[in-house]
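# Analysis of the macromolecular model
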2 protein chains.
Amino acid sequence: MIEVHPETTRLGWIGTGVMGRSMCAHLLRAGYPLAIYNRSPEKMESLIALGAVGCSSPKQVAIRSDVVFSMVGYPSDVEQTLLGSEGVLAHAKPGNIIVDMTTSSPKLAVQIAQEAVSKHVLALDAPVSGGDIGAREARLSIMVGGDKAAFDALEPIWKLLGKTYLYHGPAGSGQHTKIVNQILIGASMIGLCESMLYAQQSGLDPALVLQSVSMGAAGSWSLTNLTPRILRGDFEPGFYVDHLVKDLGIAIEEAQSLKLDLPGLSLAKKLYEYLQAMDRGSAGTQALILAIAERNGVVWGA
Amino acid sequence: MIEVHPETTRLGWIGTGVMGRSMCAHLLRAGYPLAIYNRSPEKMESLIALGAVGCSSPKQVAIRSDVVFSMVGYPSDVEQTLLGSEGVLAHAKPGNIIVDMTTSSPKLAVQIAQEAVSKHVLALDAPVSGGDIGAREARLSIMVGGDKAAFDALEPIWKLLGKTYLYHGPAGSGQHTKIVNQILIGASMIGLCESMLYAQQSGLDPALVLQSVSMGAAGSWSLTNLTPRILRGDFEPGFYVDHLVKDLGIAIEEAQSLKLDLPGLSLAKKLYEYLQAMDRGSAGTQALILAIAERNGVVWGA
């Protein structure tokens, strides 16, 4: 197994969006050589200024790296980036490690791991929670599945990116854990938005209500962090509606494979799809209040 | 308005169950004379030992008190205790204050306040959150509606019982705020139990998953405090299923009055009723995992 160290290990990163960019900056500051690729090249510029080498394809990143991370959009992007004929795995060398940090399908993670094994490459699925702020402050929770020795070897990297990093089991286990996280978030958002609409319609002052309910048994991260945005009508994305719908779709698909009917999860997806149909896919998840209100023929904030 | 002070103010308390008992103890320790009544007399004994005067009816409490608190079971109990011919209001004197701390219906709170006004009695609805531990440690959140001057006069009492006490508006506003709290709890419990069942069925270690998801955006009071009980199969009541079903029923009734359809709230009630049908009404709310599992033909913890 490789020993991960800035003087001997070349890193690669595919997908330098809001989160990827912050995470790459931590790796560069720690002194690692870093090759990067992003579909929209302008999103690589700030990292190139910090010393990253901009590449023109995932293949170019693979050729220059011992460990390649991917953090892209949808499972189809993961598949193309890692498994395509011009993708990372086709150009990785035996002993390399590939780490997919996209929130993606556990089944795809298993497939990647299987194809990686056949090329003597080690694969990990390592989605994160903590959002843009967590990425920037290196306080992510990193949920890892796949090759245990690779997980151990990458400890110096996990420490640079996250506050919590745990190994959850074989390939797909990181993605399964992230699904648990998203099931929780979906239900939490339903409660938050239904309760705040109830507060408004019953004539209460929602801001005052928040003070009464947020510190006790009804309290949650969402309530504390997202309700203030809802109350001031701020629907800017911390986390995109479109991405949550993707995640909830993966969750439902996997639940079905496990023969599980989870009605709260299904309801969350249905309500968020209603919000997408209101053309709010690129709003933040807290915009769900607008869907709950509209379904009831009510205007939020009125 | 009366000035509330141990030397001049006689307090009364109806309903000395688990929470009421802890709260009464705080009042006695602060030096207030206290007349109490409970339907099952044996639950008054420990308070009588602390100096309370045990009474044989709500009427007897009313006659001996300037301020009467009630914390009983269902709205029908509240109605009987406060509005019956042998109830508190029939025997209260002008200037007295009655405070219903039961989680009950906002409509009933309005009715009580109206009848109180006609007798020159001041009424407050003041349900709490924080459970038995919050009551014992005087860390409740007290959500108050009704007469504002009475709320202000009772500040010395709120300070003895709670950490947060806020005035939310006219009669019923305390109950409306508590409904907000219970809508949040219902949704939160659905997410918690669906996500933990998913964790188990996908082959993860739920205890390890909890570590990955509890500190971030999926985190909540329920997740941190109730999941450990679920994981060790402890379904003892902190808060009874039967009581939550009562609260969710009140919430749905009130939502309907406001012409609100809240599907997460309806789902929570439906799932908890399923759990009651499994004869788990006197379990703690975390037992919802048993209903989610059984509906899927799965055994929790197996």
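The model shown is predicted, which means the values in this text are computed figures rather than measured ones.

Of the regular secondary structure elements, chain A holds 14 helices and nine strands. The C-alpha radius of gyration computed for chain A amounts to 20 Å, which stays within 12% of the reference 19 Å derived for 302 residues, consistent with globular compactness. Seen through its C-alpha atoms, chain A measures out along the principal axes to roughly 65 × 45 × 35 Å. Buried positions account for 60% of the 302 residues belonging to chain A. Considering only residue pairs separated by 6 or more positions, chain A has 66% of its internal contacts joining residues 24 or more positions apart. Of the accessible surface of chain A, which amounts to about 11500 Å², a share of 51% is contributed by carbon and sulfur atoms.

Attention now goes to the environment of Val-144 of chain B. All names here are of chain B. Inspection of the secondary structure assignment puts Val-144 in strand β8 (residues 140-146). Between the C-alpha atom of Val-144 and that of His-26, which follows or precedes it by 118 residues, the distance is 19 Å. Other than its neighbours up to four places away in sequence, Val-144 contacts Leu-124, Asp-125, Ala-126, Phe-151, Trp-158, Leu-166, Tyr-167, His-168, Gly-169 and Gly-174.

In this structure the tally under the stated criterion is six aromatic pairs over all chains. Here the aromatic rings of Trp-13 of chain A and Phe-69 of chain A are separated by 5.1 Å at their centres, their planes lie at 25°, and the arrangement is stacked. Of this pair, Trp-13 of chain A sits in strand β1 (residues 11-14) while Phe-69 of chain A sits in strand β4 (residues 67-70); the two residues are 56 residues apart in sequence, bridging distant segments of the chain. Exposure class is identical for Trp-13 of chain A and Phe-69 of chain A. Each is buried. One Lys or Arg, Lys-148 of chain B, reaches over the ring of Tyr-167 of chain B and ends 5.7 Å from the middle of that ring.

Our focus in this paragraph is the pattern of salt bridges. All names here are of chain A. Summed over the entire model, instances satisfying the criterion amount to 19 salt bridges over all chains. Close ionic contact of Asp-77 with Arg-39 constitutes a salt bridge, the shortest N to O distance being 3.3 Å. Residue Asp-77 is found in helix α4 (residues 75-83), and its partner Arg-39 is found in the loop between β2 (34-37) and α2 (45-49); the two are separated by 38 residues along the sequence. Arg-39 sits in the exposed class, given a relative accessible area of 64%. The partner of Lys-246 in a salt bridge is Asp-247, with the nearest N and O atoms 3.4 Å apart. For Lys-246, a relative accessible area of 12% corresponds to the buried category. Residue classification places Asp-247 among the buried residues on the basis of a relative accessible area of 4%.

Look at helix α12 (residues 241-257) of chain B: 24 Å from first C-alpha to last across 17 residues, which is about the 24 Å you get at 1.5 Å a residue. All of the buried residues in α12 of chain B are Val-241, Leu-244, Val-245, Lys-246, Asp-247, Leu-248, Ile-250, Ala-251, Ile-252, Glu-254 and Ala-255 of chain B. If you follow the buried residues of α12 of chain B, they end up packed against α9 (173-201) of chain A together with α4 (75-83), α5 (106-118), α9 (173-201) and α13 (263-277) of chain B. At the exit of α12 of chain B stands Lys-259 of chain B, carrying a positive phi of roughly 60°.

Let's shift gears to the environment of Leu-290 of chain A. Residue and element names in this part refer to chain A. Following the sequence through the fold, Leu-290 ends up in helix α14 (residues 288-295). Between the C-alpha atoms of Leu-290 and Arg-280, which are ten residues apart in sequence, the distance is 9.2 Å. When neighbours within four sequence positions are excluded, Leu-290 is seen to be in contact with Phe-235, Leu-275, Met-278, Arg-280 and Trp-300.

Moving on, we come to empty space enclosed by the protein. Under the counting rule described, the total for this entry stands at four cavities of 30 Å³ or more. What the largest cavity holds in volume is close to 120 Å³. Broken down by secondary-structure element, the contributors of at least two residues to the lining of the largest cavity are α9 of chain A together with α9 of chain B. In terms of residue count, α9 of chain B provides more of the lining of the largest cavity than any other element does, four residues in total. Of the residues assigned to the lining of the largest cavity, the class counts are six nonpolar, six polar and no charged.

For the match of chain A to chain B, the screw axis carries a shift of 0.0 Å, the RMSD comes to 0.0 Å, and the turn is 180°. The transformation relating the two chain copies, once decomposed into turn and shift, fits a two-fold axis. Identified as the residue of chain A closest to the rotation axis by C-alpha distance is Ser-220 of chain A, at 1.9 Å. Same-surface contact between copies: 100% of interface residues of chain A are shared with the interface of chain B.

Quick look at the pairing of strand β2 (residues 34-37) of chain B now. Regular strands have side chains that alternate between both faces of the sheet. Residues and elements named next belong to chain B. Of the two faces of β2, the one carrying Leu-34 and Ile-36 and the one carrying Ala-35 and Tyr-37 are both buried. Bridge count between strand β1 (residues 11-14) and β2: four bridges; the pairing is parallel. Directly across from Gly-12, in β2, lies its bridge partner Ala-35. With two bridges connecting them, β2 and strand β3 (residues 53-54) associate as parallel partners. Pairing of Ile-36 across the sheet is with Gly-54, part of β3.

Further remarks concern the interface of chain A and chain B. On the chain B side, the residues contacting the 59 residues of chain A number 59 residues. The tally of links from chain A across to chain B stands at 14 residue pairs in polar contact (both at pLDDT 80 or more). The element best represented in the side of chain A that touches chain B is α9 of chain A, accounting for 20 residues. The residue makeup of the side of chain A that touches chain B, split by class, is 35 nonpolar, 19 polar and five charged.

With that out of the way, let us pick up the state of the cysteines. Within the structure shown, the criterion is met by zero disulfides over all chains. Free cysteine: Cys-55 of chain B, not disulfide-bonded; nearest cysteine sulfur from Cys-24 of chain B at 11 Å.

All names here are of chain A. One can read the domain layout of chain A as domain 1 (11-171) and domain 2 (177-295). Using only C-alpha atoms to locate each centre, domain 1 and domain 2 end up separated by 29 Å. Contacts between domain 1 and domain 2 engage 15 residues on the former and twelve residues on the latter. Taking both partners together, domain 1 and domain 2 bury about 1100 Å²; carbon and sulfur atoms supply 58% of that area.

Attention now goes to the environment of Gly-233 of chain A. Residues and elements named next belong to chain A. When you line up the elements, Gly-233 lands in the loop between α11 (221-231) and α12 (241-257). Taking relative accessible area as the criterion, Gly-233 reaches 42% and is therefore assigned partly exposed. Along the backbone, Gly-233 and Ile-289 are 56 residues apart, and their C-alpha atoms lie at a distance of 10.0 Å.

Now for the confidence of the model for chain A. Put simply, chain A has an average pLDDT of 97, and 100% of its residues get 70 or more. Taken over the whole predicted complex, pTM reads 0.96, whereas the ipTM for its chain interfaces reads 0.97.

Analysis parameters
Residues numbered from 1 in each chain as written. Chains lettered and ligands numbered in written order. Predicted model: local features only at pLDDT ≥ 70, side-chain atom pairs only at ≥ 80, totals over all residues. Heavy atoms only, no water. Helix = DSSP H or I, 4+ residues; strand = E, 2+ residues; numbered from the N terminus. Rg over C-alpha atoms; globule rule 2.2 N^0.38 Å. Buried < 20%, exposed > 50% of the residue type's maximum accessible area, 1.4 Å probe, protein only. Contact = heavy atoms within 4.5 Å. Areas by Shrake-Rupley, 256 points an atom, 1.4 Å probe, with all protein chains shown as cover. Phe/Tyr/Trp six-rings, centres within 6.5 Å; stacked < 30°, edge-to-face > 60°. Lys NZ or Arg CZ within 6 Å of the ring centre and 35° of its normal. Salt bridge = Lys/Arg side-chain N within 4 Å of Asp/Glu carboxyl O. Expected span 1.5 Å × (residues − 1). 1 Å grid on protein atoms, 1.4 Å probe; cavity = no way out; pocket = protein on both sides within 12 Å on 5 of 7 lines; lining within 4 Å. Points joined across faces, edges and corners; volume = space filled by probe spheres on them. Nonpolar A, V, L, I, M, F, W, Y, C, P; charged D, E, K, R; others polar. Least-squares fit on C-alpha atoms with pLDDT ≥ 70 in both. Pairing = 2+ DSSP bridges. Polar contact = N/O pair within 3.5 Å; in protein donor to acceptor, adjacent residues only side chain to side chain. Disulfide = S-S within 2.5 Å. Domains from an automatic or database assignment. Buried area = accessible area lost by both parts, 1.4 Å probe. pLDDT = per-residue confidence, 0-100.

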